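Take a look at the letters that make up each chain.
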Amino acid sequence: MIVLEYVLILGSVIVVSCFILISFAMNSSPSTAEVQAPDKGHSPSRRNRRGRKLRQTPPSSSTPQQRQSANVRHRRTRLADNDDTVEMHIDDPPLPEENMDIDDDDVDCECGVQNTMSNKTRIKEGRENKRRKENESLLVTKKDSSPARLKDFSHPIYKEMSLRNGSVNRMTKIDLQNTLQELGLNRLGSADVLKRRLKHHYSKESLKVAGLSTDVPIRFDYLCVIDVEATCLEINPVDYVHEIIEFPIVLLNTKTLQIEDTFDAFCKPVVNPQLSKFCSQLTNISQKMVDKADTFPVVLEKAERWMKQKGLGSKHSFAIATDCSLDMDLYLKLQCLVSEITYPQYAKEWVNISKVFANLYKTKRLPLRAMLDSIGLAFIGQPHRGIDDARNIARIALQLIEDGAEMKYNEKLTPT
Ligand code: AMP
Ligand code: MG
Ligand code: MG
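Asks: I'm lost on the overall build of the protein in this one. Help?
Replies: Each helix and strand counted, the protein has 16 helices and 7 strands in total. Counting every position in the protein, which comprises 416 residues, the buried fraction comes to 42%. Considering only contacts in the protein between residues 6 or more positions apart, those separated by 24 or more positions represent 69%.

Asks: What should I look at first to understand the side chain of S374 in this one?
Replies: You can see S374 is positioned in helix α15 (residues 368-374). Beyond its immediate chain neighbours, meaning those up to four positions away, S374 contacts G189, S190, V193, F357 and L366.

Asks: Got a minute to help me understand the packing of helix α7 (residues 156-169) against helix α9 (residues 191-209) in this structure?
Replies: Describing two packed helices takes the angle between their axes plus the distance from one axis to the other. Relative to each other, α7 and α9 sit at 160 degrees, their axes nearing to 10 Å. Taken together, α7 and α9 sit at an angle that is classed as roughly antiparallel. Handedness of the α7/α9 crossing: right-handed. Facing α7, whose interface residues are I157, Y158, M161, R164, N165, V168 and N169, α9 presents K195, L198, K199, Y202, S203, S206 and L207. For the contact of α7 with α9, the class distribution of residues is 7 nonpolar, 4 polar and 3 charged.

Asks: Before we go on, may I ask you to explain helix α14 (residues 353-361) in this structure?
Replies: Note: α-helices contain 3.6 residues per turn, so residues at a spacing of three or four share the same orientation. In terms of residue burial, α14 counts as a mostly covered element, since 9 of its 9 residues are buried. Considered for burial, the residues of α14 that qualify are I353, S354, K355, V356, F357, A358, N359, L360 and Y361. Of the residues trailing α14, K362 is marked for its positive phi of about 55 degrees.

Asks: Help me understand the state of the cysteines, please; the structure alone is not making it clear to me.
Replies: Cysteine pairs can be covalently joined through their sulfur atoms, and such a bond is termed a disulfide. For the structure shown, the criterion picks out 0 disulfides. Here C279 stays free of any disulfide, with the sulfur of C232 as its closest cysteine sulfur at 3.7 Å. Classification of C279 as buried rests on a relative accessible area of 0%.

Asks: I would appreciate a short explanation of the coordination of the magnesium ion (ligand 3) in the present structure.
Replies: Four donors placed tetrahedrally about a metal ideally form angles of 109.5 degrees, and six donors placed octahedrally ideally form angles of 90 or 180 degrees. With distances of 1.9 to 2.0 Å, the protein atoms coordinating the magnesium ion (ligand 3) are D227 (OD), E229 (OE) and D389 (OD). Written as a sequence motif, the donor arrangement for the magnesium ion (ligand 3) is D-x1-E-x159-D. In this model, the magnesium ion (ligand 3) sits 3.4 Å from the magnesium ion (ligand 2), the two metals being bridged by D227. Of the two residues, E229 is situated in strand β2 (residues 229-230) and D389 in helix α16 (residues 386-402); the sequence distance between them amounts to 160 residues. Since its relative accessible area comes to 6%, E229 is described here as buried.

Asks: It is not clear to me how the packing of α14 against α16 should be interpreted in this structure. Could you clarify?
Replies: Across the interface, α14 lies against α16 with an axial gap of 10 Å and an inter-helix angle of 35 degrees. Crossing handedness for the pair α14 and α16: left-handed. Here I353, V356, F357, L360 and Y361 of α14 lie close against α16, whose contacting residues are I393, I396, A397, Q399 and L400. Across the contact of α14 with α16, the residue classes break down as 9 nonpolar, 1 polar and no charged.

Asks: I tried to follow the packing of aromatic side chains on my own but got confused; where do I start?
Replies: Between two aromatic rings, the relevant description is the distance of the centres plus the angle of the planes. For the structure shown, the criterion picks out 5 aromatic pairs. An angle of 80 degrees between the planes, with centres 4.8 Å apart, marks the rings of F357 and Y361 as edge-to-face. One end of the pair, F357, and the other, Y361, are both in helix α14, 4 residues apart, so they sit about a helical turn from each other. The buried category is assigned to F357, whose relative accessible area is 1%. Here the basic side chain of R164 rests over the ring of Y202, its NZ or CZ set 4.0 Å away from the ring centre.

Asks: Is there a simple way to explain the environment of I380 in this structure?
Replies: Position of I380 relative to the elements: it lies in the loop between α15 and α16. Along the sequence, I380 and R391 sit 11 residues apart, while their C-alpha atoms lie 8.2 Å from each other. Excluding residues that lie within four positions of it along the chain, I380 makes contacts with D388, N392 and R395.

Asks: Where do I start with the pattern of salt bridges in this structure?
Replies: Pairing between side chains becomes possible if they bear opposite charge and their charged atoms approach one another. On inspection of all chains with the given rule, the structure shows 12 salt bridges. K208 serves as the salt-bridge partner of E205, at 3.7 Å between the closest nitrogen and oxygen. Taken together, the residues E205 and K208, both in helix α9 and 3 residues apart, mark about one turn of the helix. For K208, a relative accessible area of 52% puts it in the exposed group. The closest approach of N and O atoms between D294 and K302, which form a salt bridge, is 2.6 Å. Linked through salt bridges whose partners overlap, the residues forming this network are E246, D264 and R385.

Parameters and conventions
- Residues numbered from 1 in each chain as written.
- Chains lettered and ligands numbered in written order.
- Predicted model: local features only at pLDDT ≥ 70, side-chain atom pairs only at ≥ 80, totals over all residues.
- Heavy atoms only, no water.
- Helix = DSSP H or I, 4+ residues; strand = E, 2+ residues; numbered from the N terminus.
- Buried < 20%, exposed > 50% of the residue type's maximum accessible area, 1.4 Å probe, protein only.
- Contact = heavy atoms within 4.5 Å.
- Axes fitted to C-alpha atoms, helices over the stretch in contact; angles between N-to-C directions.
- Parallel < 35°, antiparallel > 145°, perpendicular 65-115°, else oblique.
- Left-handed = near helix turned anticlockwise from the far one by under 90°.
- Nonpolar A, V, L, I, M, F, W, Y, C, P; charged D, E, K, R; others polar.
- Disulfide = S-S within 2.5 Å.
- Donors = N, O, S within 2.8 Å, 3.2 Å for Na, K, Ca; no water.
- Phe/Tyr/Trp six-rings, centres within 6.5 Å; stacked < 30°, edge-to-face > 60°.
- Lys NZ or Arg CZ within 6 Å of the ring centre and 35° of its normal.
- Salt bridge = Lys/Arg side-chain N within 4 Å of Asp/Glu carboxyl O.

Here you go:
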């Protein structure tokens, strides 16, 4: 009996010990999730755009999708961030990719109209553009590692700027607003916009003190901001012929940052002379307004005379600016075909403000209202009236220039 009790006690002790040992072993071995967690610091994706290893690891997430999006988020933050672990990363001198346009296929304007004329061609062109951009990117990268470029950033001021940008990145929105206010700068806009503004200000000041150039090259004396309105239906058939019914130009002086003048004219459509109710309601342009207007070729001639009087293309350089590729690449292109006139040379390339915006403030491509919202402005006037849209786009362009954006061609006409 005593022996039996002894055996039972011994058995229980062994079972309990095994249980403790097994649970200890399970806790110390890596879980499945950890085994599948992304490579920390070794895979190419854990490097930033300049090829430097990223030190921190993304927070672990449960599902592969969550892990992937956490990685992307994390990587984005680290790319934009600038902490002391990165040898040098300045905000102002653009990275090769920052010099490149945001992909055209990302988003188009908010107008809900697709350039349905040649979807296949567009897809093909999109692919070709992507390939071209990749090649250009390689070229730019090569150019960037040239001795001249390296010498530019070897000045100790850039290290200082890098560290300062890092501290700006860590500031809260309220800190940013207060600092901007103390510096007498505009405190309106989203946190990303405010960060960019403050970094731009500090960089300018630092470069000035170091006796280095602070100027963002201004390529054009003027921007002619255009936002056309066109005939439309609520749902446009693939072969619908859009005709321009309003052609406005807002003349923006890129040096004085003033809107100097505006041109605005309605145009009489000929293929579909009757405006749809939807179109009139959308644009606030009535049948009467277009009935008594000139046809497009006459309006274009008037606009060009006005531009000539301003010395555009002679005394002053200028570029067309829009918030969307369709203004030139669909509406003007199609209108020139319908009117049987030559597409104007000066409009074959233009500045797409929404691309400049996305590149400067590191946002996705945003429609007009959202861009205004991000910089703390409200839409003034009547949305979808060409002249009002153009004025609001010009207000955005002004803020972009003030915040250090370089205005350069970033879109061109796609071949028909
Ligand atoms: P927007 O500059 O955004 O006013 O748009 C330019 C033109 O695109 C308008 O004049 C219309 O012809 C067309 N458009 C804009 N929004 C829509 C919409 N929601 N549905 C159909 N067509 C539109
Ligand atoms: Mg528009
Ligand atoms: Mg418009």
